[in-house]
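Coordinate analysis (summary)
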Amino acid sequence: IYEKFQLADTVSKASGGTFNGGVTFTSAATATGGLNVGTIKEATGTTTAMTIGSNGLIQPKQVAFQVTGTDLDQSISASTNTTIQFDASPDFDTGGYWDATDHRYTPQVAGWYFFGGAIRIVMSTINGVLSFVIRKNGSTSSSDDFLKIQFQYDGDRLYNGSYPLPSGMLHLNGSTDYVDVMVNTEEASTLSDHASVKSFFNGSLVHAT
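In this report, the structure presented in the accompanying data block is examined. Within every chain, residues take consecutive numbers counted from 1 along the sequence as written. Owing to the predicted nature of the model, reporting of local features is limited to residues with pLDDT of at least 70; listing and counting of side-chain atom pairs is limited to 80 or more, with chain, interface and lining totals taken over all residues. For the side-chain quantities, the full set of heavy atoms in the structure was used; hydrogens and water were omitted.

Glancing now at the overall build of the protein chain. The secondary structure content of the protein chain amounts to zero helices and 19 strands. In what follows, residue pairs with any heavy atoms lying within 4.5 Å of each other are defined as contacts. Taking the contacts inside the protein chain whose residues are at least 6 apart along the sequence as the reference set, 67% of them involve residues at least 24 apart. Accessible surface, the protein chain: about 12,500 Å² in total, of which carbon and sulfur atoms supply 50%. A run of H or I in DSSP counts as a helix once it spans at least four residues, and a run of E counts as a strand once it spans at least two, with each numbered from the N terminus. Only the protein chains shown count as cover for residues, and the accessible areas themselves come from Shrake-Rupley with a 1.4 Å probe.

Quick look at the structure:
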């Protein structure tokens, strides 16, 4: 019947308010207690940080993206590091951080990001070596700056198909750091996407720092 708050509290049942200290919710043995929340906002109360659905699933506001390969074939010169050109419009990009001009991802939230994907490639001749690198700031000088996967055989055995990108985590500073995808083949090749089989590159924030 009555709201039992101390005078120092600035919380009203009708208007809400602010607690200056911690708040603990408990359930009595003979009653159902707890905190019923549908939306959680950041400190200013302006931006929604997460929602809790009626099914109990928590839906945080997360930084993530995915882009697919362009419909235009991209030529790859033999034994040359080439940046892969993805579509200008990403499949989704929750933060709007995809750079369509330079084909790179520059998130504005610092943290550890997980990346992965696959590339469809058409080779003019059978290859012996094929490598893909997800680079941080265009660097391949330190293992902390790139993720690499390489397919290599004693004889030429690599041919047309979809090949996985390296998967793993890189730390980005949330301001200037970016990632892109580089390919290198032993023989001249073509990145060629069709409606049924597309190249794709994606990533998501795993742990903010």
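Counting buried positions along strand 12 (residues 111-123) gives 10 out of 13 residues, so the element sits mostly inside the fold. Think of it this way: DSSP has to see at least two bridges between two strands before they count as a pair. As defined by bridge partners, strand 12 adjoins strand 16 (residues 168-172) across five bridges and the pair is classed as antiparallel. By the bridge assignment for strand 16, Phe-114 is matched with Met-169. Here strand 12 pairs with strand 15 (residues 161-164) via four bridges, running antiparallel. Along strand 15, the bridge assignment pairs Ala-118 with Pro-164. Taken together, the three bridges between strand 12 and strand 18 (residues 189-191) define a ladder with antiparallel strand orientation. Relative accessibility thresholds used throughout: buried, under 20% of the residue-type maximum; exposed, over 50%; partly exposed, between the two (1.4 Å probe, protein chains only).

Moving on, we come to the packing of aromatic side chains. The aromatic pairing rule takes the rings of Phe, Tyr and Trp, using the six-membered ring of Trp, and pairs them if the centres are within 6.5 Å, calling planes under 30 degrees apart stacked, those over 60 edge-to-face and the rest tilted. Applying the stated criterion across every chain, the model contains 12 aromatic pairs. Arranged with centres 6.2 Å apart and planes meeting at 80°, the rings of Phe-86 and Trp-98 form a pair that is edge-to-face. Within this pair, whereas Phe-86 is found in the loop between strand 8 (82-83) and strand 9 (92-93), its partner Trp-98 is found in strand 10 (residues 98-99), the two being separated by 12 residues in sequence. Under the relative-accessibility criterion, Phe-86 is labelled buried at 2%. Of the residues examined, Trp-98 reaches a relative accessible area of 9% and is grouped as buried. When the ring of Tyr-105 is compared with that of Tyr-113, the centres are 6.4 Å apart and the planes differ by 75°; the resulting orientation is edge-to-face. Take Tyr-105 and Tyr-113: they sit in the same class, and that class is buried.

A word on the sheet that holds strand 4 (residues 48-52). Hydrogen bonding along the main chain pairs the strands of a sheet, whether they run parallel or antiparallel. With antiparallel pairing, three strands are arranged side by side in an open sheet as 3-4-5. Only two strands of the sheet have a single partner each, and these edge strands are strand 3 (39-41) and strand 5 (58-60). Adjacent strand axes in the sheet meet at a mean angle of 15°, parallel and antiparallel pairs treated alike. Across three bridges, the pairing between strand 3 and strand 4 is antiparallel. Angular values range over 0 to 180 degrees, each being the angle between N-to-C directions of two axes fitted as lines to C-alpha atoms, with helices fitted over their stretch in contact.

Structurally, the position occupied by Ser-143 is in the loop between strand 13 (129-136) and strand 14 (146-152). According to the relative accessible area criterion, Ser-143 is exposed, its value standing at 60%. The spatial distance from the C-alpha of Ser-143 to the C-alpha of Leu-170 is 9.9 Å, given a sequence separation of 27 residues.

This part covers empty space enclosed by the protein. Definitions used for this entry: grid spacing 1 Å over protein atoms alone; cavity, a set of points where a 1.4 Å probe fits but cannot get out; pocket, an open set with protein on both sides within 12 Å along at least 5 of 7 lines; lining residue, one with an atom within 4 Å of a point. Grid points are joined across faces, edges and corners, and a volume is the space filled by probe spheres set on the points. Tallied over the full model, the rule gives one cavity of 30 Å³ or more. Looking at the largest cavity, its volume works out to about 50 Å³. Three categories are distinguished: nonpolar for Ala, Val, Leu, Ile, Met, Phe, Trp, Tyr, Cys and Pro, charged for Asp, Glu, Lys and Arg, and polar for the others, with Gly belonging to the last. Per-class residue counts for the lining of the largest cavity are four nonpolar, five polar and one charged.

Once that is clear, we can look at the side chain of Ser-199. Relative to the assigned elements, Ser-199 resides in the loop between strand 18 and strand 19 (200-208). Those residues in contact with Ser-199 that sit more than four places away from it in its chain are Val-67, Thr-68, Gly-69, Ala-118, Ile-119, Arg-120 and Asp-193.

This brings us to the environment of Asp-177. Here Asp-177 lies in the loop between strand 16 and strand 17 (179-185). Asp-177 gets classed as buried once you look at its relative accessible area, which sits at 9%. Each C-alpha atom, one on Asp-177 and one on Asn-137, is 5.9 Å from the other, the two residues being 40 residues apart in sequence. Contacts of Asp-177, omitting those with residues within four sequence positions, involve Tyr-105, Thr-106, Pro-107, Lys-136, Asn-137, His-171 and Leu-172. Of the polar contacts made by the side chain of Asp-177, one reaches the side chain of Asn-137; its length is 2.8 Å. Here a polar contact means two N or O atoms within 3.5 Å. Within protein one must be a hydrogen donor candidate and the other an acceptor candidate, and residues neighboring in sequence count only if both atoms are side-chain atoms. In this structure the side chain of Asp-177 is engaged in a polar contact, spanning 2.9 Å, whose partner is the backbone nitrogen of Asn-173.

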